[in-house]
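Chain by chain, the residues:
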Amino acid sequence: MSNIWDFANSQLKDLVAYEPGKPIDEVARERGLNPEDIIKMASNENPLGPSPKAQAAMTAACGDVHIYPDGGSYKLRNAIAQKFGLEMGNVILGSGSNEVIEFIGHAFLKAGDNIITAEHAFLVYKLMAKVFGSNTIEVPDPGYVHDLDAMAAAITPQTKEIFIANPNNPTGTLVTQEQIDRFMAKVPDHVVVVFDEAYYEFLDNPPDTLKYVREGRNVVVLRTFSKIQGLAGLRIGYGLASKELIEVLQRTRQPFNINSIAQAGALAGLLDDEHQAKTKRITDEGRSYLQTEFAHLGLEFIPSFANFVLVKVGDGNAVFKAMMDKGVIVRAMAAYKLPQWVRISIGTMPQNERCIAVLKEVLGK
Ligand SMILES: *Cc1c(COP(=O)(O)O)cnc(C)c1O
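Residues numbered from 1 in each chain as written. Predicted model: local features only at pLDDT ≥ 70, side-chain atom pairs only at ≥ 80, totals over all residues. Heavy atoms only, no water.

**Observations concerning the nonpolar core**
I80, I164, F183, F225 and L240 are the most contacted members of the largest nonpolar core, which totals 42 residues. For this core, the element with the highest residue contribution is helix 3 (residues 74-83), accounting for 4 residues. Grouped together as the second largest cluster of nonpolar side chains are 32 residues, A121, Y125, I246 and W341 included. (Core = buried A, V, L, I, M, F, W, Y, C linked by side-chain atoms within 4.5 Å. Buried < 20%, exposed > 50% of the residue type's maximum accessible area, 1.4 Å probe, protein only. Helix = DSSP H or I, 4+ residues; strand = E, 2+ residues; numbered from the N terminus.)

**Comments concerning unusual backbone geometry**
Between N166 and the following residue, P167, the backbone shows a cis peptide bond with an omega angle of -5 degrees. For P167, the position within the fold is in the loop between strand 5 (159-165) and helix 7 (177-184). A cis geometry characterises the amide bond from N169 onward to P170, with omega recorded as 20 degrees. Secondary-structure assignment places P170 in the loop between strand 5 and helix 7. Although it is not a glycine, N44 adopts a positive phi angle of roughly 55 degrees. A positive phi angle, close to 65 degrees, is found at K337, a residue other than glycine. With respect to the element layout, K337 can be found in the loop between strand 12 (331-332) and strand 13 (341-345).

**Here's the deal with the sheet that holds strand 13**
Taken in spatial order, the 4 strands make up an open sheet running 9-10-13-12, and their pairing is antiparallel. Bordering the open sheet on either side are strand 9 (301-302) and strand 12, each of which pairs with just one other strand. By the bridge criterion, 2 bridges tie strand 9 to strand 10 (residues 308-312) in an arrangement that is antiparallel. For I302, the partnering residue across the bridge sits in strand 10 and is L310. (Pairing = 2+ DSSP bridges.)

**Some details on the sheet that holds strand 3 (residues 114-118)**
Pairing within the open sheet is mixed, and its 7 strands lie in the order 2-8-7-6-5-3-4. Each edge of the sheet is formed by a strand with only one pairing partner; in this case those strands are strand 2 (91-94) and strand 4 (135-139). Averaged over neighbouring strand pairs, the angle between their axes works out to 25 degrees when direction is ignored. Where strand 5 meets strand 6 (residues 192-196), 5 bridges bridge the pair, whose relative direction is parallel. Within strand 6, the residue paired with A165 across the bridge is D196. The sheet contacts of helix 5 (residues 124-131) involve strand 3, strand 4, strand 5 and strand 6, and relative to strand 3 the element is tilted by about 170 degrees. Strand contacts of helix 9 (residues 243-250): strand 2, strand 6, strand 7 (219-224) and strand 8 (237-240), with the helix running at about 30 degrees to strand 2, the strand carrying the most contacts. (Axes fitted to C-alpha atoms, helices over the stretch in contact; angles between N-to-C directions. Contact = heavy atoms within 4.5 Å.)

**With respect to the domain arrangement of the protein chain**
On domain assignment, one finds that the protein chain holds domain 1 (20-49 + 274-363) and domain 2 (52-271). On the side of domain 2, 29 residues touch domain 1, which itself brings 25 residues to the contact. Buried surface at the junction of domain 1 and domain 2, summed over both partners, amounts to about 2,200 Å²; 60% is from carbon and sulfur atoms. When residues of domain 1 are sorted by the area they lose upon contact with domain 2, Q276, F305 and Y336 head the list and together hold 30% of the total. For the interface between domain 1 and domain 2, the tally reads 2 salt bridges. At the boundary of domain 1 with domain 2, the tally comes to 8 residue pairs in polar contact (both at pLDDT 80 or more). Those elements giving two or more residues to the side of domain 1 that touches domain 2 turn out to be helix 11 (273-296), strand 10 and strand 13. Among the elements that line the side of domain 1 that touches domain 2, the one with the most residues is helix 11, at 5 residues. Partitioned by chemical class, the residues of the side of domain 1 that touches domain 2 number 11 nonpolar, 10 polar and 4 charged. (Domains from an automatic or database assignment. Buried area = accessible area lost by both parts, 1.4 Å probe. Salt bridge = Lys/Arg side-chain N within 4 Å of Asp/Glu carboxyl O. Polar contact = N/O pair within 3.5 Å; in protein donor to acceptor, adjacent residues only side chain to side chain. Nonpolar A, V, L, I, M, F, W, Y, C, P; charged D, E, K, R; others polar.)

**Concerning the site of the ligand**
In the neighbourhood of the ligand, 13 residues make up the surrounding shell, with D196, Y199, T224, S226 and K227 lying closest. Take Y199: an N or O atom from its side chain is 2.6 Å from an oxygen atom of the ligand. Classifying every residue of the shell around the ligand gives 4 nonpolar, 6 polar and 3 charged. (Near = heavy atom within 4 Å.)

**Notes on the environment of L270**
Position of L270 relative to the elements: it lies in helix 10 (residues 260-270). Once the C-alpha coordinates of L270 and W5 are considered, the two residues, 265 residues apart in sequence, prove to be 45 Å apart. Once residues lying within four places of it in the same chain are set aside, the contact partners of L270 are A79, I80, K83, F225, Q229 and Q276.

**Things to note about the pairing of strand 13**
Of all 5 residues in strand 13, 5 are buried, a share of seventy percent or more. Burial along strand 13 is two-sided: W341, R343 and S345 and V342 and I344, pointing in opposite directions, are all buried. Where strand 10 lies against strand 13, 5 bridges are found, and the strand directions are antiparallel. Each residue of the ladder has a partner; that of L310, found in strand 13, is R343. With 2 bridges connecting them, strand 12 and strand 13 associate as antiparallel partners. Each bridged residue has a counterpart across the sheet, and for R331 the counterpart in strand 13 is R343.

Now the structure itself:
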């Protein structure tokens with residue numbers, strides 16, 4: 001008998017697949033709980049749900065699903081471009097911004113290359129690099145903040161991509177415009193800089209990275225419909241870059257990667273400023289409530305700029321499991337080299353209150 005690993009790409013052997021937040025139905029099944037009694041605060045989703053306008057647009061799009069989608073996503077790409085003062089040629093859509101990370105890998109990475117991330121960066125960058133046989137240089141992030149000077153200093157001739165998640169997941173920390181500008185002055189042309197801005201819309205004073213796209217630098221800015229838009233299940237996100245760079249990425253994309261319901265829902269959601277403003281408001285309230293409660297409980301936490309908070313609870317995995325037994329799903333962080341921490345996504349105020357009550361019970365406080 002032959003072994004399949006004699007033929008498969010060898011770098012996949014030690015690749016540990018990404019473990020997503022626990023789905024509500026799975027927790028209900030495993031623990032004999034009623035799904036209605038479970039809350040998920042594990043994947044930074046929008047607790048208000050999708051925009052009602054997006055829901056209406058998706059329902060309307062259902063009648064046309066016998067037709068292939070518009071492979072160029074003309075309306076949605078134009079609407080995104082218009083929103084940021086760019087052109088359609090500056091926009092690429094992915095099945096989640098995660099897929100755009102994969103396009104960038106297909107376009108630039110090969111065996112022996114490297115990418116640079118922060119030590120506690122979003123895991124998908126490293127996993128994708130591995131798929132392409134590339135290495136990941138993880139740069140220490142004192143205080144859990146990306147050290148952009150150290151990241152620039154880590155560049156080698158083999159470096160193809162640098163990822164800066166701003167704010168970062170799972171730490172919720174932000175780098176400033178000044179730090180970004182100093183960094184960009186040092187980055188050579190052979191390196192593509194990816195600013196992953198999945199939580200951009202939650203910021204009060206977001207740094208401007210699109211100026212580097214307009215200047216024609218080798219920069220990709222990633223945004224997503226999964227977070228403030230409340231469309232995580234639809235799988236749609238986008239990259240913004242120079243037309244030349246987008247043209248390269250387009251060659252790696254399957255023609256119908258964005259389905260027609262997602263195109264319709266995302267377009268309506270993009271234009272629904274009211275739903276986004278409401279989501280930001282309850283997120284700001286919830287963040288402030290959770291952080292105040294953590295402080296009262298004497299728990300260390302990292303002040304967050306996003307819709308989640310990282311909090312130090314001792315044995316993160318044990319707390320995650322004990323909270324799950326009581327119907328509150330949070331995220332254990334061992335895979336991020338943070339075994340003492342859990343990440344809690346900000347919910348509605350009743351959800352936040354229940355989460356704190358359950359956390360107190362579990363910690364015996
Ligand atoms: C959630 C998240 C994404 C977006 O994922 P999608 O594939 O668009 O759902 C990307 N980057 C970071 C850092 C995230 O936290």
